Amino acid sequence: MTIDYSERIPNNVDLAEDRRLRRALESWQPRFLQWWSEMGPALPTQDVYLRTAIAVGREGWAHFDHVALPDYRWGIFLAERDPGRRIAFGQNKGRPVWQQVPGEYRSELQRLIVVQGDTEPASVEQQRRLGLTAPSLYDLRNLFQVNVEEGRHLWAMVYLLHAYFGRAGRDEAEALLLRNSGSEDAPRILGAFNEETPDWLSFFMFTYFTDRDGKYQLGTLKESAFDPLSRTCEFMLREEAHHMFVGTTGVDRVVERTAQLMREHDTDDIARYGGIPLDVVQKYINFHYSVSLDLFGGETSTNVANYYTAGLKGRWQEERRQDDHLLTEAVAVVPRVEGGRVVDVRLPALTALNADLRGEYAADCATGLNRWNRILAGHGLDPSLYLPHVGFNRKVGAFAGHHVSPDGRVLAEAEWAAARDRWLPTPADKAHVRALMRPVHEPGKIAAWVAPPRNGINGRPFDYEYVHL
């Protein structure tokens, strides 16, 4: 399915055939562009070497060229429809998927779409000023690619709200532009999207950990019996992969440069040499991983159980699961705090779906730690980076209100207070990282705290002029 770029709003959903919907979206478009000008990237540019989707098939789906950011063609793209697709789970299992919203599930589906939609512009707002301190033009280009695709993902959710939820959906679409990350009066819905992203180490951690949460949330919505939502998320997942690539390889390059400096100066204390010490890298891992774990909600949830039973939201890779896809009799093992220690308890699997998804996510996150430890080992250093315990620094779910160490011990308040600065970034750590954030905007040059990438974008070399300032 190709995408029609002759339209004011590029799309592959035959928007020209629905005049009312087209007019509604065209009236929303100027407000989106105003939001982008006010809350999008703060660094002025002439143009950026960007990827633009041209088709939704598996081959030849994108085009690369220099584009002025305000002229980027945001649009509405759904994966191809499978006419034989049937519901894979829940009480409606085996029935044809829905092309319209069933009345009895209207409010629940709208809420799921709004919460997902709210995360997309939030990350753009969080990253607004990062371009001012980009370590290279390569990294600056990757930041802008992430930003424009998050903007397009907002369009994806707004299309669903306009097309399938009437006036209430249009009102929610307006509200997506009224909330702002970190605002005291109108913050974003989820806590992680109100946190700062003040430096590039935070950005790499965000795109590794928090965008990976987005991957898993989109994966559950891709299983939805509401087919337009499923097809929307399927295409979004293709773009989301690049965001996680930026995070994975970004932390790779930080660890690489840190290891080089440790060997060169024969010390762990490389801050004086313009590097980011490993213990600071570990603190940033601890913070971003724990904040991202909170995005999955409580370990148990009757709402999520109801979503599953109704067919609104499935499990990660639902159809690969070897069970009855009903879960009425299944059990799951879930950790929680009892008697001053972490224990495993057996609970109905249907109410523990958040814990199931969190487990899939945690296993995926561990692959990055393996990569980063291999880099350290390759420099003759001990592979010392780790993921903290799932209960560490949690504000949501079974561990909220408890203090759990990175190795899984339940601590008293005084013990936590005494050790906290060893495990989470301190003001001094953040100040050091921020002090390193000096812009390098010359082709082929890079900041001293991070290693250059192994490869450029789309076959271009690292010294290619990815951004014209």
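So, here is what we can say about the structure in this document. (Residues numbered from 1 in each chain as written. Predicted model: local features only at pLDDT ≥ 70, side-chain atom pairs only at ≥ 80, totals over all residues. Heavy atoms only, no water.)

## Things to note about the overall build of the protein chain
When its secondary structure is counted, the protein chain shows 11 helices and seven strands. Within the protein chain, residue pairs in contact and separated by at least 24 positions form 72% of the contacts whose partners lie at least 6 positions apart. Put simply, the protein chain shows about 19,800 Å² of open surface, and 47% of that area lies on carbon and sulfur atoms. Looking at the protein chain, you have 55 positive and 64 negative side-chain charges, and the mean spots of the two groups are 2 Å apart. (Helix = DSSP H or I, 4+ residues; strand = E, 2+ residues; numbered from the N terminus. Contact = heavy atoms within 4.5 Å. Areas by Shrake-Rupley, 256 points an atom, 1.4 Å probe, with all protein chains shown as cover. Lys, Arg positive; Asp, Glu negative; His and termini not counted. Charge placed at Lys NZ, Arg CZ, Asp CG, Glu CD.)

## Describing helix α7 (residues 278–294)
Here α7 is 17 residues long and its end C-alpha atoms lie 25 Å apart, about the 24 Å a rise of 1.5 Å per residue gives. Most of α7 sits inside the fold, with 15 of its 17 residues counted as buried. (Expected span 1.5 Å × (residues − 1). Buried < 20%, exposed > 50% of the residue type's maximum accessible area, 1.4 Å probe, protein only.)

## Looking at unusual backbone geometry
Not every positive phi belongs to a glycine, and N393 is a case in point at roughly 55°. In this structure, N458 is a non-glycine residue whose phi angle is positive, near 55°. When you line up the elements, N458 lands in the loop between α11 (427–436) and β7 (467–468). The partly exposed category is assigned to N458, whose relative accessible area is 41%.

## Description of the sheet that holds strand β2 (residues 62–67)
The strand order β2-β1-β7 describes an open sheet built from three strands, whose pairing is antiparallel. Each of the sheet's edge strands pairs with one partner strand only, and the pair in question is β2 and β7. Sheet analysis places strand β1 (residues 47–53) next to β7, joined by two bridges and oriented antiparallel. Across the sheet, the residue bridging to D47 is H468, located in β7. (Pairing = 2+ DSSP bridges.)

## As for the pattern of salt bridges
Using the criterion set out here, one finds 25 salt bridges in the structure. Residues E299 and R394 are paired through a salt bridge, measuring 3.6 Å at the closest nitrogen-oxygen approach. Within this pair, whereas E299 is found in the loop between α7 and α8 (302–310), its partner R394 is found in the loop between α9 (353–378) and β5 (403–404), the two being separated by 95 residues in sequence. Classification of E299 by relative accessible area gives buried; the value is 5%. In this structure, R315 engages E318 in a salt bridge whose closest nitrogen and oxygen atoms are separated by 2.6 Å. Pair check on accessibility: R315 and E318 agree, each one buried. Counted as one network, the salt bridges with shared partners bring together D118, E125, R179 and R188. (Salt bridge = Lys/Arg side-chain N within 4 Å of Asp/Glu carboxyl O.)

## Comments concerning the environment of A55
The residue A55 is located in the loop between β1 and β2 in this model. Residue A55 is classed as buried on the basis of its relative accessible area, which comes to 11%. Sequence separation between A55 and N11 is 44 residues; the distance between their C-alpha atoms is 9.8 Å.

## Some details on the packing of aromatic side chains
One pass over the structure, following the stated rule, counts 34 aromatic pairs. Within the aromatic cluster, the residues linked to one another by ring pairs are Y208, F209, Y216, Y289, F296, W316, Y361 and W372. Across the ring face of Y208, the terminal group of R212 is positioned such that the distance to the ring centre comes to 4.1 Å. (Phe/Tyr/Trp six-rings, centres within 6.5 Å; stacked < 30°, edge-to-face > 60°. Lys NZ or Arg CZ within 6 Å of the ring centre and 35° of its normal.)

## With respect to helix α3 (residues 137–164)
Each full turn of the α-helix corresponds to 3.6 residues, which orients residues three or four apart in the same direction. Helix length check: α3 (28 residues) gives 41 Å between terminal C-alpha atoms against 40 Å at 1.5 Å per residue, within 8%. Among the 28 residues in α3, 27 count as buried, and that is most of the element. Two or three places before Y138, at the start of α3, stands the capping residue S136, its side-chain oxygen 3.4 Å from that residue's backbone nitrogen. Two residues or fewer past α3, G166 is found with a positive phi of approximately 60°. (Polar contact = N/O pair within 3.5 Å; in protein donor to acceptor, adjacent residues only side chain to side chain.)

## Quick look at the pairing of β1
Taken across its seven residues, β1 has seven buried, putting it largely inside the fold. On β1, burial covers both faces: D47, Y49, R51 and A53 on one face and V48, L50 and T52 on the other are all buried. One ladder, built from six bridges, connects β1 with β2; its direction is antiparallel. From the neighbouring strand, Y49 faces β2, where its bridge partner is H66.

## Overview of the packing of helix α2 (residues 106–126) against α3
Closest axis-to-axis distance for the α2/α3 pair is 8 Å, and the angle between their directions is 160°. Considering the angle they form, α2 stands roughly antiparallel to α3. Between α2 and α3 the crossing geometry is left-handed. Along its contact with α2, which presents R106, Q110, I113, V114, Q116, G117, E120, P121, S123 and V124, the element α3 presents N147, E150, G151, H153, L154, M157, L160, L161 and Y164. Of the residues belonging to the contact of α2 with α3, the class tally is nine nonpolar, seven polar and three charged. (Axes fitted to C-alpha atoms, helices over the stretch in contact; angles between N-to-C directions. Parallel < 35°, antiparallel > 145°, perpendicular 65-115°, else oblique. Left-handed = near helix turned anticlockwise from the far one by under 90°. Nonpolar A, V, L, I, M, F, W, Y, C, P; charged D, E, K, R; others polar.)

## Points about the packing of α3 against helix α4 (residues 166–175)
For the pair α3 and α4, interaxial distance at closest approach is 6 Å and the crossing angle is 155°. Classified by the interaxial angle, the pair formed by α3 and α4 is roughly antiparallel. In this structure, α3 crosses over α4, and the sense of that crossing is left-handed. Between α3 and α4, the residues in contact are V158, L161, H162 and Y164 and G166, G169, R170, E172 and A173, respectively. Residues belonging to the contact of α3 with α4 are distributed by class as follows: four nonpolar, three polar and two charged.

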